[in-house]
Amino acid sequence: MSLANALMICLIMTAFSCSKDDDSSTVPDPDGTLSANITESTSASLNGMFVAWYPPNNFWLHTSDSGPDFYTMFSMCDMGKVNGLGAITTIPTTGYTNEVNMQSKDMPCELGHGYVIKVRWWKTSGEIYYARLYVSELIKNNSGTLIGAKVKYQYPFVP
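This text gives an overview of the structure that appears in the document. (Residues numbered from 1 in each chain as written. Predicted model: local features only at pLDDT ≥ 70, side-chain atom pairs only at ≥ 80, totals over all residues. Heavy atoms only, no water.)

### Regarding the pairing of strand β5 (residues 73–81)
Here comes step 1: Where β5 lies against strand β6 (residues 100–101), 2 bridges are found, and the strand directions are antiparallel. The residue bridging Met73 from the neighbouring strand is Asn101, located in β6.
Here comes step 2: In terms of strand pairing, β5 meets strand β8 (residues 113–121) through 8 bridges, oriented antiparallel. Within the sheet, the bridge partner assigned to Met73 lies in β8 and is Arg120. (Pairing = 2+ DSSP bridges. Helix = DSSP H or I, 4+ residues; strand = E, 2+ residues; numbered from the N terminus.)

### Some details on the nonpolar core
Here comes step 1: Ile38, Met49, Val51, Phe59, Ile117 and Leu133 are the most contacted members of the largest nonpolar core, which totals 24 residues.
Here comes step 2: Contributions of two or more residues to this core are made by β1 (34–38), β3 (49–54), β4 (58–63), β5, β8, β9 (127–140) and β10 (146–154).
Here comes step 3: The dominant element in this core, judged by the number of residues it contributes, is β8, at 4 residues.
Here comes step 4: Excluding its chain neighbours within four sequence positions, the residues that come into contact with Val51 are Ile38, Ser43, Ala44, Leu46, Phe59, Trp60, Leu61, Ile117 and Leu133.
Here comes step 5: Residues Val82, Leu85, Val116 and Tyr130 belong to the second largest nonpolar core, which totals 9 residues. (Core = buried A, V, L, I, M, F, W, Y, C linked by side-chain atoms within 4.5 Å. Buried < 20%, exposed > 50% of the residue type's maximum accessible area, 1.4 Å probe, protein only. Contact = heavy atoms within 4.5 Å.)

### Section: the sheet that holds β1
Here comes step 1: In spatial order, the strands read β1-β10-β9-β8-β5-β6; together these 6 strands make up an open sheet with antiparallel pairing. Since the sheet does not close on itself, it has two edges, and those belong to β1 and β6, each with one partner.
Here comes step 2: Here β8 pairs with β9 via 8 bridges, running antiparallel. Note on β9: the bridge partner recorded for Val119 is Tyr129.

### What to know about the packing of aromatic side chains
In this description, an aromatic ring pair is defined by two values, namely the gap between the centres and the angle between the planes.
Here comes step 1: One pass over the full model with this rule turns up 2 aromatic pairs.
Here comes step 2: Here Tyr54 and Trp60 contribute two aromatic rings whose centre-to-centre distance is 6.2 Å and whose plane-to-plane angle is 70°, an arrangement assigned as edge-to-face.
Here comes step 3: Relative to Tyr115, the ring of Phe59 lies with its centre 4.8 Å away and its plane at 80°, an arrangement referred to as edge-to-face. Taken together, the positions of Phe59 in strand β4 and Tyr115 in strand β8 put the pair 56 residues apart, joining distant regions of the chain. An identical accessibility class is assigned to Phe59 and Tyr115; each is buried.
Here comes step 4: Sitting above the plane of the Trp60 ring, Lys105 keeps its charged end 4.8 Å from the centroid.
Here comes step 5: Between Lys118 and the ring centre of Tyr96, over which it is positioned, the NZ or CZ distance is 5.6 Å. (Phe/Tyr/Trp six-rings, centres within 6.5 Å; stacked < 30°, edge-to-face > 60°. Lys NZ or Arg CZ within 6 Å of the ring centre and 35° of its normal.)

### Thoughts on the side chain of Ser75
Here comes step 1: As for its position among the elements, Ser75 is in strand β5.
Here comes step 2: Of the residues examined, Ser75 reaches a relative accessible area of 4% and is grouped as buried.
Here comes step 3: Leave out the neighbours within four places in its chain, and Ser75 touches Tyr96, Thr97, Asn98, Glu99, Val116, Ile117 and Lys118.

Take a look at the structure:
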């Protein structure tokens, strides 16, 4: 075999073995994963606390406006770009938004990012629970306007 033929075979093998569409690095979803399309009118439910979408492209975390959930406090930590919900394996100790009551619309909703949500339930003596959430796709209407996101989440999240 000539050197030119050997080089050509190597180039062809390299071209077929390297693909940007290779999705093998995606971490499988853990047991108990839920999916939701979140918009301004639909949300993912975390046992009385809700994660919705707010324009132009933020999360909207909120609780009911009365009753025991009224005193729920929550904050959110952006874990950065991750390879799926299963890639979020720890609860961070820093990096959370300021803890708020009732609602927050300040956290950007970014495609491919993972988030940890910290929920402090005052109805259970201030116990803290966590959720993990992953933005798998952005939702656009027929005009191309961003109107929400497809998310995968798990609550409670106990690493």
